[in-house]
Amino acid sequence: MPRPISNHQIINKNHKKSMMILYHGTTNRLGNLKTIKPASETKFLRETFRKKEQNLIFLTDSLASAKRYAQLACETFSGKPIVYQVEINNTITETRPHEYTGKYAKVLHPIK
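With that out of the way, let us pick up the overall build of the protein. For the protein, the count of helices and strands is two helices and ten strands. For the protein, the α and β elements follow one another from N to C terminus as β-β-β-β-β-α-β-α-β-β-β-β. Considering the protein as a whole, with its 112 residues, one finds that 38% of them fall into the buried category. Considering only contacts in the protein between residues 6 or more positions apart, those separated by 24 or more positions represent 68%. A total of about 7,300 Å² of accessible surface is found on the protein, and carbon and sulfur atoms cover 54% of it.

So, in structure tokens, the structure goes:
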């Protein structure tokens, strides 16, 4: 069952709050992003078969996964892969281990 997480904080096994580092992988073809927005607003949908959750963004706490998603975005839309470190100020939901959905995310900076 998905687990909601608020204010980009999680409680680890020692019950101490820690900041969560989140990433979003995409293509540079979308330009220099300041905010990660859902496909329902951008009209960029990598998984053309996906009819649900177009109003959500997808994030990961795994840099390797974000790089893989960026490469997949380039295969669909061309351009060069880019990974952003992001910050959320809304509730996100853990959909699978290391995978999250949310409404929006603020781009902090691209990962070199």
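On to the pairing of strand E9 (residues 99–102), then. Neither face of E9 is open: one carries Glu99 and Thr101, the other Tyr100 and Gly102, and all of them are buried. When strand E6 (residues 57–60) meets E9, the two strands line up antiparallel, connected through four bridges. Counted as the bridge partner of Leu59 is Tyr100 from E9. Sheet analysis places strand E8 (residues 92–96) next to E9, joined by three bridges and oriented antiparallel. Paired with Glu94 across the two strands is Tyr100, which belongs to E9. Linking E8 to E9, which pair antiparallel, is a turn of two residues; within it His98 sits at a positive phi near 75 degrees.

Okay, the pairing of strand E10 (residues 105–110) next. Two faces belong to every sheet, and in a regular strand the side chains alternate between them. Sheet topology note: the strand E5 (residues 35–36)/E10 ladder contains two bridges and is antiparallel. Directly across from Thr35, in E10, lies its bridge partner Lys106. Pairing analysis gives four bridges linking strand E7 (residues 81–87) to E10, with the strands arranged antiparallel. Considered in E10, the bridge of Glu87 is made with Lys106.

With respect to the secondary-structure elements, Leu56 resides in the loop between helix H1 (39–42) and E6. Distance from Leu56 to Lys37, taken between C-alpha atoms, is 7.7 Å for residues 19 residues apart in sequence. Dropping the residues within four chain positions of it, Leu56 is found in contact with Pro38, Ala39, Thr101, Gly102 and Lys103.

Calculation rules
Residues numbered from 1 in each chain as written. Predicted model: local features only at pLDDT ≥ 70, side-chain atom pairs only at ≥ 80, totals over all residues. Heavy atoms only, no water. Helix = DSSP H or I, 4+ residues; strand = E, 2+ residues; numbered from the N terminus. Buried < 20%, exposed > 50% of the residue type's maximum accessible area, 1.4 Å probe, protein only. Contact = heavy atoms within 4.5 Å. Areas by Shrake-Rupley, 256 points an atom, 1.4 Å probe, with all protein chains shown as cover. Pairing = 2+ DSSP bridges.

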